[in-house]
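# Structure at a glance
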Amino acid sequence: MIDFFPGLEGVPAARSRISYIDGERGILEYRGIRIEELVERSSFIETAYLLIFGKLPTKEELERFDSDLRHHRRIKYRIIDLMKCLPEHGHPMDALQATVAALGMFYPAKDVTDEETNYWSVVRLVAKLPTIVAAFARMRHGDEAVKPRDDLDHSSNFLYMLTEREPDPYMARVLDISLILHAEHTMNASTFSGLVTASTLADPYTVVSSAIGTLTGPLHGGANERVVRMLKEIGTVERAKGYVEEKLRRKERIMGMGHRVYKTYDPRARILHSLAREMRERYGEMPLLDIAEEVDRVATDYLKEKRVYPNVDFYSGIVYEKMGIPEDLFTSIFAMARVVGWLAHWLEQLKDNRIFRPTEIYVGDHNLHYIPIEERS
Ligand code: ACO
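None of the values given here were measured: they were computed from a predicted structure. (Residues numbered from 1 in each chain as written. Predicted model: local features only at pLDDT ≥ 70, side-chain atom pairs only at ≥ 80, totals over all residues. Heavy atoms only, no water.)

### Some thoughts on the packing of helix α11 (residues 223-234) against helix α12 (residues 237-249)
Formally: Axis geometry follows a simple rule: fit a line to the C-alpha atoms, using only the stretch in contact for helices, then measure angles between N-to-C directions, giving values from 0 to 180 degrees. Strands here mean DSSP runs of E at least two residues long; helices mean DSSP runs of H or I at least four residues long; both are numbered from the N terminus. Throughout, the term roughly parallel applies to angles under 35 degrees, roughly antiparallel to angles over 145, roughly perpendicular to angles from 65 to 115, and oblique to all others. By definition, residues are in contact when any of their heavy atoms lie within 4.5 Å. Three categories are distinguished: nonpolar for Ala, Val, Leu, Ile, Met, Phe, Trp, Tyr, Cys and Pro, charged for Asp, Glu, Lys and Arg, and polar for the others, with Gly belonging to the last.
One way to put it is that α11 packs onto α12 with a least axis distance of 9 Å and a crossing angle of 115 degrees. With respect to each other, α11 and α12 are oriented roughly perpendicular. Residues Met230, Glu233 and Ile234 of α11 form the contact with α12, whose participating residues are Arg239, Ala240 and Tyr243. The class makeup of the residues in the contact of α11 with α12 is 4 nonpolar, no polar and 2 charged.

### What to know about the site of the ligand
Our working definition: Throughout, near means a residue has at least one heavy atom within 4 Å of the molecule or strand. Under the rule applied, a polar contact is a pair of N or O atoms within 3.5 Å (in protein, one hydrogen donor and one hydrogen acceptor; residues adjacent in sequence only if both atoms are side-chain atoms). Using a 1.4 Å probe, the Shrake-Rupley method yields the accessible areas, and only the shown protein chains count as cover for residues.
Around the ligand there are 21 residues in total, and His220, Arg253, Ile254, Met257 and Arg260 lie nearest to it. Between the ligand and Asn311 there is a distance of 3.0 Å, counted from an oxygen atom to a side-chain nitrogen or oxygen. In isolation the ligand exposes 920 Å². Once the protein is present, 71% of that is buried. Taken together, the residues that form the shell around the ligand break down as 11 nonpolar, 5 polar and 5 charged.

### As for a nonpolar patch on the surface
Condition: Without a salt bridge and with relative accessible area above 30%, a residue can belong to a patch; like charges are then joined within 9 Å and nonpolar side chains (Val, Leu, Ile, Met, Phe, Trp, Tyr) within 5 Å. Salt bridge, as used here: a side-chain nitrogen of Lys or Arg that lies within 4 Å of a carboxyl oxygen of Asp or Glu.
On the surface, Met1, Ile2, Phe4, Ile361 and Val363 cluster together to form a nonpolar patch covering roughly 660 Å² of accessible area. Along the chain, Phe4 turns up in the segment before β1 (19-22).

### Details of the pattern of salt bridges
For clarity, the cut-off: Here's how the labels work: a residue is buried when its accessible area is under 20% of the maximum for its type, exposed when over 50%, partly exposed in between, all with a 1.4 Å probe on protein chains only.
Here the structure, examined in full by the defined rule, presents 28 salt bridges. Among the ionic pairs, Glu36 bridges to Arg34, the shortest N-O distance being 3.5 Å. The partner of Arg280 in a salt bridge is Asp290, with the nearest N and O atoms 2.6 Å apart. With Arg280 in helix α13 (residues 267-283) and Asp290 in helix α14 (residues 287-303), the pair connects residues that are 10 residues apart, well separated along the chain. Assessed through its relative accessible area of 23%, Arg280 is described here as partly exposed. Relative accessible area serves as the criterion here: at 31%, Asp290 is assigned to the partly exposed category. Residues joined by salt bridges that share partners form a network here, namely Glu225, Arg229, Lys232, Glu321 and Glu327.

### Here we look at the packing of aromatic side chains
Note the cut-off: Here a Phe, Tyr or Trp ring, Trp counted by its six-membered ring, pairs with any other such ring whose centre lies within 6.5 Å, and the pair is stacked when the planes are under 30 degrees apart, edge-to-face when over 60, and tilted otherwise. Geometrically, a charge over a ring is one whose NZ (Lys) or CZ (Arg) sits within 6 Å of the ring centre while staying within 35 degrees of the ring normal.
According to the stated counting rule, one finds 10 aromatic pairs in the structure shown. Consider the rings of Tyr49 and Phe53, whose centres lie 4.7 Å apart with planes at 55 degrees: the pair is tilted. With Tyr49 and Phe53 both in helix α2 (residues 44-53) and 4 residues apart, the pair spans about one turn of that helix. Under the relative-accessibility criterion, Tyr49 is labelled buried at 10%. The exposure class of Phe53 is partly exposed, given its relative accessible area of 30%. Both rings, one in Phe53 and one in Tyr119, keep their centres 6.0 Å apart while their planes meet at 35 degrees; by these two values the pair is tilted. Taken together, the residues Phe53 in helix α2 and Tyr119 in helix α6 (residues 115-139) connect sequence positions 66 residues apart. For Tyr119, a relative accessible area of 13% translates into the label buried. Taking NZ or CZ as reference, Arg149 lies 5.0 Å from the ring centre of Tyr160, over its face. Sitting over the ring of Tyr170, Arg282 keeps its end group 3.9 Å from the ring centre.

### Notes on the domain arrangement of the chain
Spelled out, the test is: Domain segmentation is taken from an automatic or database assignment of domains. By convention, the term buried area covers the 1.4 Å-probe accessible surface removed from two parts as they join, with the contributions of both added.
Taken domain by domain, the chain holds domain 1 (16-218 + 338-351) and domain 2 (223-322). With centres defined by C-alpha atoms, the gap from domain 1 to domain 2 works out at 26 Å. Taken together, the contacts link 25 residues of domain 1 with 25 residues of domain 2. Of all residues in domain 1, the largest losses of buried area upon contact with domain 2 belong to Tyr170, Leu181 and Pro218, amounting jointly to 28% of the total for that side. Inspection of the region where domain 1 meets domain 2 yields 1 salt bridge. Taking the shortest distance from any N to any O, the salt bridge between Arg307 and Glu24 comes out at 2.9 Å. Linking domain 1 with domain 2 are 8 residue pairs in polar contact (both at pLDDT 80 or more). With 8 residues, helix α8 (residues 169-182) is the single largest residue contributor to the side of domain 1 that touches domain 2. Across the side of domain 1 that touches domain 2, the residue classes tally to 12 nonpolar, 7 polar and 6 charged.

### With respect to the pairing of β1
The condition is simple: At least two bridges found by DSSP between two strands are what make those strands a pair.
One ladder, built from 4 bridges, connects β1 with strand β2 (residues 27-30); its direction is antiparallel. What sits directly across from Ser19, in β2, is Tyr30. As consecutive antiparallel partners, β1 and β2 are separated by 4 residues, and within that stretch Gly26 has a phi angle of approximately 70 degrees, a positive value.

### Notes on the environment of Tyr315
Mapped onto the elements of the fold, Tyr315 is located in helix α15 (residues 312-322). Residues Tyr315 and Tyr265, 50 residues apart in the sequence, show an inter-C-alpha distance of 12 Å. With residues up to four places along the chain from it excluded, the contact list for Tyr315 reads Tyr265, Ala269, Leu272, His273, Leu289, Ala292, Glu293 and Asp296. For Tyr315, the side chain forms a polar contact with the side chain of Asp296, separated by 2.8 Å.

This is how it looks when you write it as C-alpha cells:
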C-alpha cells in the first residue's frame, strides 16, 4: 500500500539551493544568507540577482542587470490595448495572469534550452510585472497608464506609475524591503504549480502565469487582502478580542495566521511588523495596525498550542495600505516579488528536468456495467 500525504506535506518535490526555512526557529535564508541581513543591506534587484543567478553580483554585474531591467519596463501599446478590454471590475491578479500569458505571444521564448533567450525572459518578466500591475490599476478607473521612468529604481518607479508622483524615498524603501521578503519561499504552492508547468518545458511566460493563478487563492497570496478586510470589519481595538473568539468558536480561520512550515513566528511577519511600527512613529496614526496588534495578541494566545502564528500576509497589507495602495493590488505586489523565486526555480529545474507525473491511490469502483439512461434511477 502506498502512503498518501494530503497536501503533499513533507514530500520533497525538488533538490534546491535557492532558499531554506527552519520552521522551528523561524529562520529564512536566500542562498544561505539570512533575510534580516538582506533587508538591512541589499536591494530587491540585488536580491533578485542573488536568487536567480545563485550568487551576489559584482558591481558590474549588478549595473548591467539593473540597466537591462530599467530598459525593459515598458509594455507595448498592443498589450495596453489588450488590458483595456479586460473588465474594470475584474480582479487585478486575473488581469495580471491574463496579460503575462499574452506576453509570451509577443516575446516567443519556446526554446528553453537557449540561455540567452532565458536571460531576456527573466529580465522582461521581472521588469514588466510592475508596469502591468500599475497600468491595470490606473486604466480600470479610466486614467491613462503612466509610462515607467528609467531614472527611478524598481520600487520608486512602481509607486510613481501608480500615482504619477515621485514617491517619498522612505515609502519606496519600505516597499523594496517588502519585495525582498516576498521574493522566494522554498516549495510553496505557486512555485510548485509553476514547476509542474515548467517540467513540460513550457515557456517561462506560461510558467509564471500558472504560478500567478495559484497565488490568487485565499489560502496562499490572497490572504493579505483578506487580512485588511478583516481588520476593517473589526473596526476598533475593543472589538478585536470578541471577533477572534467568535471566529475560533465557529472553527473559522484567522486570515494571515498559520503556516505549513513555520511553527513559530514567521520572520517576515516580524520584520513587516517592525516596519509598520516605524511607519506609525513616522507618520502618525495607523488604526489598522492597532487592531492587528490586538488580533495578533489574542489569536496567538489561543492558537499557540497549535503552533499557529502570524505569517507574512498578516502585516504586509497594513504597510501597503499606509502607502495608499488599493487593497485589491496587494496580492499583485506579492506576485511582482515572487516572480523572482518562480524564475529561480524554473532555471534550477531546467538543469535537471523530469516531467512531473505523480501517482494517485484509486479508491473507486471496478467491474461495473453501463446502464442505459432510461434504466437509471
Ligand atoms: N486560524 C485558525 N486556526 C488555524 C489557522 C488560522 N489561520 N491556521 C491553522 N489553524 C489550525 C487548524 O484549524 C488546524 O487545527 P486542528 O488541528 O484543530 O484541525 C491546525 O491549526 C493545523 O492547520 P492545517 O490546516 O492542518 O495547516 P496547513 O499547514 O494545512 O495550512 C495554511 C496552512 C493554509 C496557511 C493555514 O494556516 C491557513 O488556512 N491560514 C489562513 C490563510 C493564510 O493566512 N494563508 C497565507 C499563508 S502564507 C502564504 O501563502 C504567503
